[in-house]
Amino acid sequence: MTGKQRREQLLDISRTLFAERGFDGTSIEEIAARAKVSKPVVYEHFGGKEGIYAVVVDREMERLLNSITTALRSASHPRVLLERAALALLDFIETSTDGFRILVRDSPVAQSAGGFSSLISDAASQVEYLLAAEFTSRDFDAQHAPMYSQMLVGMVALTGQWWLEERSPDKHEVAAHLVNLAWNGLTGLEPSPALNGTKDD
């Protein structure tokens, strides 16, 4: 096995273990045992558990963001954009369940290597300019587009977390309901929203 092949083998094994047991529940000893190598081989390639975890997380984030970005590029209408973004996330959960489990787990390493919150921020930045254009066309203040993009992406991402375990209803039905809530809420958007109640109510 070449060095590159060994590295990929270690990454595949680690990805499975991190998805099953999380960062804290996975050890270098177990990664080495499953790969049928000594612990020093793992250390040689990644420097330790934190190093291998960071590579796994980065790869999964890149795959998911690429699929979302591709979906957004192919959409011209805002509603179609929302539909494709929701389906892109649900497709990733369906085809890369282990990868999504790793992304949504909390880990000290994820804070620096990237995790679910940074994933949401990255995805939101992809839709921000599209929302800004939509706001401008309606004479709304486009400076609020970053906030609204976080809201929309957060809604889709948290629904994806729920669907990760439920897997029912079908992903197309889940996406349709997501779009129903987001789109029908957006069509009645007020240019200057305000809360109806007060602190004294």
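Residues numbered from 1 in each chain as written. Predicted model: local features only at pLDDT ≥ 70, side-chain atom pairs only at ≥ 80, totals over all residues. Heavy atoms only, no water.

Glancing now at the confidence of the model for the protein. Summarising the model, the protein shows a mean pLDDT of 87, and 92% of its residues fall at 70 or more. Here helix H7 (residues 108–113) stands out as the element of the protein with the lowest mean pLDDT, 51, in contrast to helix H2 (residues 28–35), whose mean of 97 is the highest. (pLDDT = per-residue confidence, 0-100. Helix = DSSP H or I, 4+ residues; strand = E, 2+ residues; numbered from the N terminus.)

To continue, consider the packing of helix H8 (residues 116–137) against helix H9 (residues 145–166). Taken N-terminus to C-terminus, the directions of H8 and H9 make an angle of 130°; their axes are 7 Å apart at the nearest point. The angle between H8 and H9 places the two elements in the oblique class. You can see that H8 and H9 cross each other, and the crossing is right-handed. Residue-level contacts link Phe 116, Ile 120, Ser 121, Ala 123, Ala 124, Val 127, Glu 128, Leu 131, Ala 132 and Phe 135 of H8 to Ala 145, Pro 146, Tyr 148, Ser 149, Gln 150, Leu 152, Val 153, Gly 154, Ala 157, Leu 158 and Gln 161 of H9. Residues of the contact of H8 with H9, tallied by class, amount to 15 nonpolar, five polar and one charged. (Axes fitted to C-alpha atoms, helices over the stretch in contact; angles between N-to-C directions. Parallel < 35°, antiparallel > 145°, perpendicular 65-115°, else oblique. Left-handed = near helix turned anticlockwise from the far one by under 90°. Contact = heavy atoms within 4.5 Å. Nonpolar A, V, L, I, M, F, W, Y, C, P; charged D, E, K, R; others polar.)

As annotated by UniProt and renumbered to match this structure, "DNA-binding region" (unreviewed entry) occupies residues 27–46. Helix makes up 80% of residues 27–46 and strand 0%, with an end-to-end C-alpha separation of 13 Å. (UniProt positions renumbered as here; feature names shortened; annotations may be inferred.)

Before going further, it helps to spend a moment on the side chain of Ser 96. Checked against the element boundaries, Ser 96 lands in the loop between helix H5 (78–95) and helix H6 (97–104). Under the relative-accessibility criterion, Ser 96 is labelled buried at 2%. Within the local environment of Ser 96, its side chain forms a polar contact with the side chain of Arg 15, the two groups lying 2.8 Å apart. Among the polar contacts listed, one links the side chain of Ser 96 to the side chain of Arg 63, at a separation of 3.1 Å. (Buried < 20%, exposed > 50% of the residue type's maximum accessible area, 1.4 Å probe, protein only. Polar contact = N/O pair within 3.5 Å; in protein donor to acceptor, adjacent residues only side chain to side chain.)

Turning to H2, its buried residues are Ile 28, Glu 30, Ile 31, Ala 32 and Ala 35. Buried residues in H2 make contact with helix H1 (3–21), helix H3 (39–46) and helix H4 (49–73). Positive phi shows up at Lys 36, right after H2, with a value of about 60°.

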